[in-house]
Amino acid sequence: MAFDLYAAFVPTTRQLLGALPGVIAKAEEFVAENNCSDAELIEARLADDMWPLPWHVRSCWMHSAYALDQLAGTEFTPDFTSIPDSWDAMRAMIAEAEDRLADATPEAVNSIAERKIDFVLGGETRFTVPGERFLLGFNLPNFQFHATTFYDILRMKGVPLSKRDYMGNPAGPMFQS
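How each quantity is defined
Residues numbered from 1 in each chain as written. Predicted model: local features only at pLDDT ≥ 70, side-chain atom pairs only at ≥ 80, totals over all residues. Heavy atoms only, no water. Helix = DSSP H or I, 4+ residues; strand = E, 2+ residues; numbered from the N terminus. Rg over C-alpha atoms; globule rule 2.2 N^0.38 Å. Buried < 20%, exposed > 50% of the residue type's maximum accessible area, 1.4 Å probe, protein only. Contact = heavy atoms within 4.5 Å. Areas by Shrake-Rupley, 256 points an atom, 1.4 Å probe, with all protein chains shown as cover. Lys, Arg positive; Asp, Glu negative; His and termini not counted. Charge placed at Lys NZ, Arg CZ, Asp CG, Glu CD.

Enquirer: Quick question: what am I supposed to make of the overall build of the protein here?
Expert: The secondary structure content of the protein amounts to seven helices and three strands. When its helices and strands are written in sequence order, the protein yields α-α-α-β-α-α-β-β-α-α. In terms of overall dimensions, the protein is globule-like: its C-alpha atoms have a radius of gyration of 17 Å, near the 16 Å expected for 177 residues. Along the first, second and third principal axes, the C-alpha set of the protein runs to 50 × 40 × 20 Å. Taken across its 177 residues, the protein has 43% of its residues classed as buried. Contacts in the protein between residues at least 24 apart in sequence constitute 72% of all its contacts with a sequence separation of at least 6. Within the structure as shown, the protein displays about 8,800 Å² of accessible surface, and the carbon and sulfur contribution to it stands at 51%. Averaging the coordinates of the 14 positive side-chain charges in the protein and doing the same for the 25 negative ones gives two points 5 Å apart.

As structure tokens, then:
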């Protein structure tokens with residue numbers, strides 16, 4: 001079987017993105033049923049030197065949909081603007097990423113596999129790798145880290161979440177052609 005970059009990246013990010021609105025709904029339900037405020041959850045972080053909850057949604061967006069747009073060229077420059085400030089803003093960012101990934105074609109994603117991609121931060125190229133390594137060795141682990149951290153922050157604050165909440169529907173995008 002030939003390697004397919006699209007199949008290795010897009011269905012996994014779509015599956016986990018698809019789970020995030022359900023996690024957000026459980027967080028909102030938790031706020032409504034407990035002596036807790038939206039701000040208490042939205043401003044929460046795992047450690048003082050880590051980003052608060054909304055940054056992790058932004059990072060999921062950045063390392064999925066935004067990455068595909070960036071890698072259509074020859075460099076990836078992180079975008080730390082427009083951090084969502086509410087549950088609705090987080091849902092909108094997730095929906096934007098889901099729409100972009102739903103529009104991605106195997107041909108477009110697979111075409112970047114051999115292309116050299118520069119990681120540019122602060123105007124400086126930090127490393128250059130083939131697109132395949134960039135998506136699978138940089139974007140996908142970052143995406144999974146931030147999706148997991150989003151889940152973990154809410155779990156730490158007492159939101160009753162399970163592994164199934166994190167995973168979403170494994171039979172959804174994973175098995176679509």
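From this point on, the discussion continues.
Enquirer: Any chance you could explain the side chain of serine 59 here in plain terms?
Expert: Tracing the backbone shows serine 59 in helix H3 (residues 53–70). The contacts of serine 59, once residues within four sequence positions are left out, are Trp51 and His146.

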